[in-house]
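Okay, here's what each chain looks like letter by letter:
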Amino acid sequence: QLQLEESGGGLVQAGESLRLSCAASGRMFSINVMGWYRQAPGKQRELVAVIFSGGSTNYAESVKGRFGISRDNAKNTVYLQMNSLKPEDTAVYYCNAVLRRNYDSYERNYWGQGTQVTVSS
């Protein structure tokens, strides 16, 4: 069974930092994209940052210059370093991976359970 296990969420004050981690486990052949999305109460889930297998990245405009995404391919793990956090960053953060479980299978989307990040003012 394939799992994405997130860690690192919590409660911080504005201006502080947090680091999220997400490790993929289970049988898999290759991971193309890994990333983070977030969903605040009453809002739709939105992209925060993604990183492709070759290392290129995309960020939401709202987090550019404050957040940094990285991955360790050997550990099938993606990280999100969040600096200068703002109250509007408060949300449940979900890990996402687009991967193939076997060499001859199609890519599929997988999601973690989510981790709460709360930023107080």
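The preceding data block contains the structure.
Residues numbered from 1 in each chain as written. Predicted model: local features only at pLDDT ≥ 70, side-chain atom pairs only at ≥ 80, totals over all residues. Heavy atoms only, no water.

*Asks:* Honestly, the nonpolar core in this entry has me stumped. Any pointers?
*Replies:* Within soluble globular proteins, side chains that are nonpolar generally end up buried alongside one another. The biggest cluster of nonpolar side chains holds 31 residues, and the ones touching the most others in it are Trp 36, Leu 80, Met 82 and Tyr 93. If you tally residues by element for this core, the top one is strand β9 (residues 91-100), at five residues. Sequence-distant contacts of Met 82, that is, excluding residues within four places in its chain, are made with Glu 16, Ser 17, Leu 18, Leu 20, Arg 66, Phe 67, Tyr 93 and Val 117. (Core = buried A, V, L, I, M, F, W, Y, C linked by side-chain atoms within 4.5 Å. Buried < 20%, exposed > 50% of the residue type's maximum accessible area, 1.4 Å probe, protein only. Helix = DSSP H or I, 4+ residues; strand = E, 2+ residues; numbered from the N terminus. Contact = heavy atoms within 4.5 Å.)

*Asks:* How should the sheet that holds strand β7 (residues 67-72) be read in this particular structure?
*Replies:* Picture the strands of a sheet paired through backbone hydrogen bonds; they go either parallel or antiparallel. Here four strands make up an open sheet; going across it, the order is β1-β3-β8-β7 and the pairing antiparallel. The outermost strands of the open sheet, each flanked by one partner alone, are β1 (3-7) and β7. On average, each strand axis in the sheet is tilted by 15° relative to the strand beside it, whichever way the strands run. (Pairing = 2+ DSSP bridges. Axes fitted to C-alpha atoms, helices over the stretch in contact; angles between N-to-C directions.)

*Asks:* Looking at this model, I keep getting lost on the packing of aromatic side chains. Mind explaining?
*Replies:* For any two aromatic rings, the description comes down to two numbers: the centre-to-centre distance and the angle of the planes. Counted according to the given criterion, the structure contains one aromatic pair. The residue whose ring lies beneath Arg 45 is Trp 111, and the NZ or CZ to ring-centre distance is 4.7 Å. (Phe/Tyr/Trp six-rings, centres within 6.5 Å; stacked < 30°, edge-to-face > 60°. Lys NZ or Arg CZ within 6 Å of the ring centre and 35° of its normal.)

*Asks:* Would you mind showing me how to read the environment of Val 63 here?
*Replies:* Relative to the assigned elements, Val 63 resides in the loop between β6 (57-59) and β7. Residues Val 63 and Val 92, 29 residues apart in the sequence, show an inter-C-alpha distance of 15 Å. For Val 63, the residues in contact, after removing those within four places along its chain, are Arg 38 and Val 48.

*Asks:* How do you make sense of the environment of Ala 60 when you look at a structure like this?
*Replies:* Within the secondary structure layout, Ala 60 lies in the loop between β6 and β7. The contacts of Ala 60, once residues within four sequence positions are left out, are Leu 47 and Val 48.

*Asks:* So what exactly am I meant to see when it comes to unusual backbone geometry here?
*Replies:* One can expect most non-glycine residues to show negative phi and most peptide bonds to be in trans. Positive phi values are uncommon outside glycine, yet Asn 76 reaches one of about 50°. Positionally, Asn 76 belongs in the loop between β7 and β8 (77-82).

*Asks:* Explain the pattern of salt bridges to me, please; I cannot follow it from the model alone.
*Replies:* Oppositely charged side chains may form a pair once their charged atoms are brought near each other. Within the structure shown, the criterion is met by four salt bridges. Taking the shortest distance from any N to any O, the salt bridge between Asp 89 and Arg 38 comes out at 3.0 Å. You can see Asp 89 sitting in the loop between β8 and β9 and its partner Arg 38 sitting in strand β4 (residues 30-39), a full 51 residues away along the chain. As far as the burial class goes, Asp 89 and Arg 38 line up, both buried. Residues Asp 89 and Arg 66 are paired through a salt bridge, measuring 2.8 Å at the closest nitrogen-oxygen approach. Of this pair, Asp 89 sits in the loop between β8 and β9 while Arg 66 sits in the loop between β6 and β7, placing them 23 residues apart in sequence. A relative accessible area of 11% places Arg 66 in the buried class. (Salt bridge = Lys/Arg side-chain N within 4 Å of Asp/Glu carboxyl O.)

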